[in-house]
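Given next are the chains, with one letter for each unit.
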Amino acid sequence: MAGHVKHWRVGAAGIAVLALALTACGGAKVGDDSSGSDSSGGSAECGTFNLAVNPWVGYEANAAVIAYVAQKDLGCKVVKKDLKEEIAWQGFGTGEVDAVVENWGHDDLKKKYITDQKTAVDAGLTGNKGLIGWYVPPWLAKEHPDITDWNSLNKYAAEFKTSESGGKGQLLDGDPSFETNDEALVKNLKLDYKVVYGGSETALIQAFRDAEKNKKWLIGYFYEPQWFLSEVPLVKVKLPDYKAGCDADAEKIACDYPVYELDKIVSAKFAKSGSPAYDLVKNFTWTNDDQNVVAKYIAVDKMTPEAAAEKWVEANQDKVDAWLK
Amino acid sequence: MAAVMEKTDGLGKVDGPANAPDPASAAAGRRVGRGMAVAAILLLWLVLFAVLRGKQTLTLAAADLTDLHRWFNDVNDSIGANRNSNPLFLYFFNEIRLVIDTLVTFVQELISQASADRPLPQIGWLGVVGIAGYVSWAVGNWRVALLTVAGFTFFGLQGLWQESMDTLALTLSAVLVALLFAIPLGVWAGLSDRVNRIMTPFLDFMQTMPTFVYLAPLTLFFLIGGASATIATVIYAAPPAIRITAHAIRSVPETTVEAADSLGATRRQSLLKVLLPMSKRTVVMGVNQSIMAALAMVTIAALIGAPGLGRTVVQALQSLDVGTAFNAGLSIVVMAIVLDRVTTAASTRAEAARSSKNRFLAWRRPLLGAGAVVTAVLVYMSHTYVWAAEFPGEGGAGSSIASAADTTATWVQDELSGLTNAVRDTLTNGLLNPFQSLLTDSPWWLVGAVLIALGVVFGGWRAGLTTAVCVGLLVGTGVWSDGMTTMALTLVATVLVMLVGVFFGVWMGRSALVDRLLRPTLDAAQVMPPFVYLVPFLALFGPTRFTAIVAAVVYAAPVAVKIIADGVRNVPATTVEAATAAGCSSWQIITKVQLPMARGALTLATNQGLIYVLSMVVVGGLVGAGALGYDVVAGFSQGQLYGKGLAAGLAIVLLGVMFDRITQAAARRAGA
């Protein structure tokens, strides 16, 4: 019987809803106005612009600003695709990706896609300089200033011991996307350390954050520009200077990482398409400070990439104008 | 209500937990003999380890490759290079992609994405909520319909309506495609033993091969985006449906089929009129498992450009934004619970309806019609009016959830980290390190021999043979040493899973109230994407192997708990009463009656615990576990390590098959 009553109730509710609909509670109709529609005019000349977004905030900053300008000033339909580097490069060949706007080295990928397959072309530098190396938390550099020279690392090896490092000092490596020579470096510089693989950027950042907050000993692989450095300004450890060719033989590397001139790569098809978005990508260039500002908006102030880009563009219209010339 | 994701067959079907009566004394004697044999093997191992330590350990540095790895790289490269000229691509993969892509785009434009001539999807939030509620009511009951409406509205309140609909669209498309293949294949495997035997290794492979390994090649075959994501999901979601369908067909009583045969039914008739209708209920559970498996892939699919909740999780974690990631993770959990309860209700509806009064049935038809009309009106309104199309509000609930999660995570990190470090160091130094060095520093042939011997002792000659083959292939992958490190982690994690499983399982099995309270938490732990809780875990335990173990325990323990709770509950009440009457204390009842009688469930829980732990190896690689997990992740990220990642993935599959066959054989013996 209870079920009986219940179903009447359902029926009554249905009739109420029907009545509601018939009395034309109305409101705006879909497609009547521009709410919810973000397509702006002029999209004909630019068309669709497929922008790869690699998974780190610095890249996101580049992509956000380029996408914002392409959409607002050029009227492109920007499709952002969240992809890891390998897969983004693969997309050049399949026509699913037009541009990668912050590339760290990747000589192997350049050889494969630019030289061999000829599906990608270089689109110039972003103006950002990428550093890779070993970093310590600021408190450690302050209390033991000599630690920022590799020569004194063995002296402190015992302090860096962890449950993972098998009695030696721990050198924490992180994101497998970046190339690392650390095992060779440890061996060739005769350091009493063991490379432990954190396995992700998340793991590295969390470890450094913890080390700074709780005054723990930590030395690890890191890189800049990176938004985290605006939260905890890690200090770079000096390794033997990089000289051209000193990293030729992977087994025998005993020198610092080179400074990476970060660059942009586009698909060969996109470069020939005559799209104004290609010119924008080609002309885009800014400084590490610029990127850090936008990255901080996104990562620390938790703004959406669009809002972060808008804020930066409004404050730096002159730079944007130079790209659009 | 069945649990979310009670994947009774992680790998290979486990013959139902056998609650055998107490073994005869002969069996007890055999067990003592087996214990002696194990002790002898371990002792011999320790002695030889002391002598041979560090010799022939087959270690391979992180950046080093073997010829096999290079060969995998070359194959991968040549596929990519010939993509546009290869007829296989032009006429086969591209066609598949086209079909799947059309399906996905169609569903997306229906509920989540703007289409060419419309700024909003065809059906707005009100229509989707209406349809979901109506369908849940029609296939289930009014209670799950309410749950569905509440759950779907919650997505909107969280500010994640569109993301949720994208995830729903991909999940539904993937499950649809998976079932299209899975049900016929399952029926076939159910009818023929031979097909079943041939199919099982493939299913094992599909379920244990880490997705990271085939994600990059998939985008080569099927391009970036929805189609690839759907296909990756199908690969993972189809096996449970195939296995459960086969199981369902097999469990139809033989006498019924014989009766049909004797009445002169053709094969086709007996399939359509007898076998399928009688196994309907179990087949629906297969659908349920497929959906759960598909939802487990949401975050991984985001790595190859799939839209939806997974992308929100992945993006939030780039800036370690635990709150936002948790909010999106919660949506996934809610979606999983809603879909689970609806399919479970659908599978039990048939009986429920039969037992209820006829008058109810008489009313059902007109009510269904009325419901359909109301739903149609809702759909029409959500198609036409903006307020019914776009979820109103800013998603304020979402930001409150995010900030609450953030506060909680920070508090836990600040308050508990001293304690957690002590636990970590004790366990790592006391148990993990010695065990790992025993495995990695022994010569490979010694460990291999020990594994084979243990396989024979626990599982018999056949299991020993499988182990031998697996050991041989493991050596062939070139990542033996990493494999042993991963094995040490897996076994330690499984021990912890079983401790947790026995504790909570017994508690739940003995009290219906505890069961009702704990079950939603267990469901949530199983479907919450691990990425969400990795950040707080990293803060508590640092990037260490222990963090990986904890993550694996969180994911694997719920399955073990549920299986053990079931086992304890199935111990006949009369036996427990008899023991109580004989003056046994609660402790005695648990240790002398309930646990021994639930032995079958305990072995099954061990089997599933191991397989679930193994499926977290790759996630472990992201938080400091190193070894095979790291190899797979690195292979996904760096082209020159691709082959090694693939080899590491194969090694994980081999470990899985080996563990599975040994524990299954042991389970059969325990039941015998």
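Calculation criteria
Residues numbered from 1 in each chain as written. Chains lettered and ligands numbered in written order. Predicted model: local features only at pLDDT ≥ 70, side-chain atom pairs only at ≥ 80, totals over all residues. Helix = DSSP H or I, 4+ residues; strand = E, 2+ residues; numbered from the N terminus. Rg over C-alpha atoms; globule rule 2.2 N^0.38 Å. Buried ≥ 20, exposed ≤ 12 C-beta atoms within 10 Å, placed from the backbone. Contact = placed C-beta atoms within 7 Å. Nonpolar A, V, L, I, M, F, W, Y, C, P; charged D, E, K, R; others polar. pLDDT = per-residue confidence, 0-100. Expected span 1.5 Å × (residues − 1). Bend = angle between axes of the 7 residues up to and from the residue. Core = buried A, V, L, I, M, F, W, Y, C linked by C-beta atoms within 7 Å. Domains from an automatic or database assignment. Axes fitted to C-alpha atoms, helices over the stretch in contact; angles between N-to-C directions. Left-handed = near helix turned anticlockwise from the far one by under 90°. Parallel < 35°, antiparallel > 145°, perpendicular 65-115°, else oblique. Pairing = 2+ DSSP bridges.

Participant: So what's going on with the overall build of chain B? Which residues, and what values?
Facilitator: Looking only at helices and strands, one finds 30 helices and zero strands in chain B. Against the globule reference of 26 Å for 672 residues, chain B gives a C-alpha radius of gyration of 26 Å, in line with a compact fold. Along the first, second and third principal axes, the C-alpha set of chain B runs to 80 × 65 × 60 Å. The 672 residues of chain B split such that 54% are buried. Restricting the contact set of chain B to residue pairs at least 6 apart, pairs at least 24 apart contribute 82%.

Participant: Explain the overall build of chain A to me, using residue names and the numbers behind them.
Facilitator: Across its full length, chain A holds 13 helices and nine strands. Counting the 325 residues in chain A, one finds 45% classified as buried. For chain A, the proportion of contacts with a sequence separation of at least 24, taken over those separated by at least 6, is 74%.

Participant: So what about the interface of chain A and chain B? Which residues, and what values?
Facilitator: If you look at the interface, chain A gives 58 residues, while chain B gives 68 residues. At nine residues, the largest contribution of residues to the side of chain A that touches chain B is made by helix α1 (residues 2-22) of chain A. Along the lines of polarity and charge, the residues of the side of chain A that touches chain B split into 22 nonpolar, 22 polar and 14 charged.

Participant: Break down the confidence of the model for chain A for me, with residues and values.
Facilitator: Mean pLDDT over chain A stands at 83; residues scoring 70 or higher make up 87%. Counted against residues more than four places away or in other chains, residues 33-44 of chain A, with its pLDDT under 50, gives 14 contacts.

Participant: How would you sum up helix α9 (residues 226-250) of chain B? Please name residues and give values.
Facilitator: Residues and elements named next belong to chain B. Under the 1.5 Å per step criterion, the end-to-end length of α9 is 36 Å for 25 residues, consistent within 8% with the ideal 36 Å. At alanine 237, α9 shows its maximal kink, close to 30°; a proline, proline 239, follows between one and four residues later. With 24 of 25 residues buried, α9 lies mostly within the body of the structure.

Participant: Describe the nonpolar core, listing the residues and the values that go with them.
Facilitator: Counting residues in each nonpolar core, the largest one holds 295 residues, and the members touching the most others are Ile66(A), Ala556(B) and Ile564(B). The contacts of Ala556(B), once residues within four sequence positions are left out, are Val497(B), Gly609(B), Tyr612(B), Val613(B) and Met616(B).

Participant: Give a description of the domain arrangement of chain B that names residues and reports values.
Facilitator: Buried accessible area, meaning the area lost when the parts come together, often serves as the stated size of an interface. Residues and elements named next belong to chain B. Splitting chain B by domain gives domain 1 (26-69 + 408-443 + 478-647) and domain 2 (86-394). Placing the centre of domain 1 and that of domain 2 at their C-alpha centroids yields a distance of 31 Å. Listed by partner, the interface residues are 18 residues for domain 1 and 23 residues for domain 2. Broken down by secondary-structure element, the contributors of at least two residues to the side of domain 1 that touches domain 2 are α22 (512-527), α23 (530-541), α29 (627-637) and α30 (642-671).

Participant: So what about unusual backbone geometry? Which residues, and what values?
Facilitator: Residues and elements named next belong to chain A. Cis rather than trans, the peptide bond between glutamate 224 and proline 225 has omega equal to 5°. We note that lysine 190 has phi near 55°; this positive angle belongs to a residue other than glycine. In this fold, lysine 190 is placed in the loop between α7 (182-188) and β6 (193-197).

Participant: Lay out the environment of Met209(B) in plain terms, naming residues and giving numbers.
Facilitator: All names here are of chain B. Topologically, methionine 209 is positioned in the loop between α7 (193-208) and α8 (211-222). For methionine 209, a count of 19 C-beta atoms within 10 Å gives the class partly exposed. Through-space distance from the C-alpha of methionine 209 to that of threonine 408 is 35 Å; in sequence the pair is 199 residues apart. When sequence neighbours within four positions are dropped, the list of residues in contact with methionine 209 reads Tyr214, Gly649 and Val653.

Participant: So what about the packing of helix α6 (residues 161-191) of chain B against α9(B)? Which residues, and what values?
Facilitator: Helix-helix packing is characterised by the crossing angle of the two axes and by the distance between the axes. Residue and element names in this part refer to chain B. It is at 6 Å that the axes of α6 and α9 come closest, and there the two elements cross at 35°. Note on packing geometry: the crossing formed by α6 with α9 is right-handed. Grouping the constituent residues of the contact of α6 with α9 by class yields 22 nonpolar, seven polar and one charged.

Participant: Summarise the domain arrangement of chain A; cite the residues concerned and give the values.
Facilitator: Residues and elements named next belong to chain A. By domain assignment, chain A separates into domain 1 (44-127 + 262-324) and domain 2 (130-252). The C-alpha centroid of domain 2 is placed 30 Å from the C-alpha centroid of domain 1. Between domain 1 and domain 2, the residue contacts involve 15 residues of the former and 10 residues of the latter. Within the residue set of the side of domain 1 that touches domain 2, elements represented by two or more residues are α3 (57-72) and α11 (288-299). For the side of domain 1 that touches domain 2, the leading source of residues is α11, giving six residues. A breakdown of the residues in the side of domain 1 that touches domain 2 according to their chemical character gives seven nonpolar, five polar and three charged.

Participant: I'd love a proper account of the packing of α6(B) against helix α14 (residues 309-318) of chain B, names of residues and values included.
Facilitator: All names here are of chain B. Where α6 meets α14, the axes come as close as 7 Å, and the angle between the chain directions of the two elements is 120°. In this view, α6 runs oblique relative to α14, as classed from their interaxial angle. In this structure, α6 uses Glu163, Ser164 and Thr167 to contact α14, whose residues at the interface are Leu309, Gly310 and Thr312. Counted by class, the contact of α6 with α14 contains one nonpolar, four polar and one charged residues.

Participant: Help me get a handle on the pairing of strand β4 (residues 120-136) of chain A, residues and values and all.
Facilitator: Residue and element names in this part refer to chain A. Strand direction decides the pairing type here: β4 and strand β9 (residues 260-267), joined by six bridges, are antiparallel. Each bridged residue has a counterpart across the sheet, and for alanine 120 the counterpart in β9 is serine 267. Where β4 meets strand β7 (residues 219-224), five bridges bridge the pair, whose relative direction is antiparallel. Within β7, the position partnered with isoleucine 132 by the bridge is tyrosine 223.

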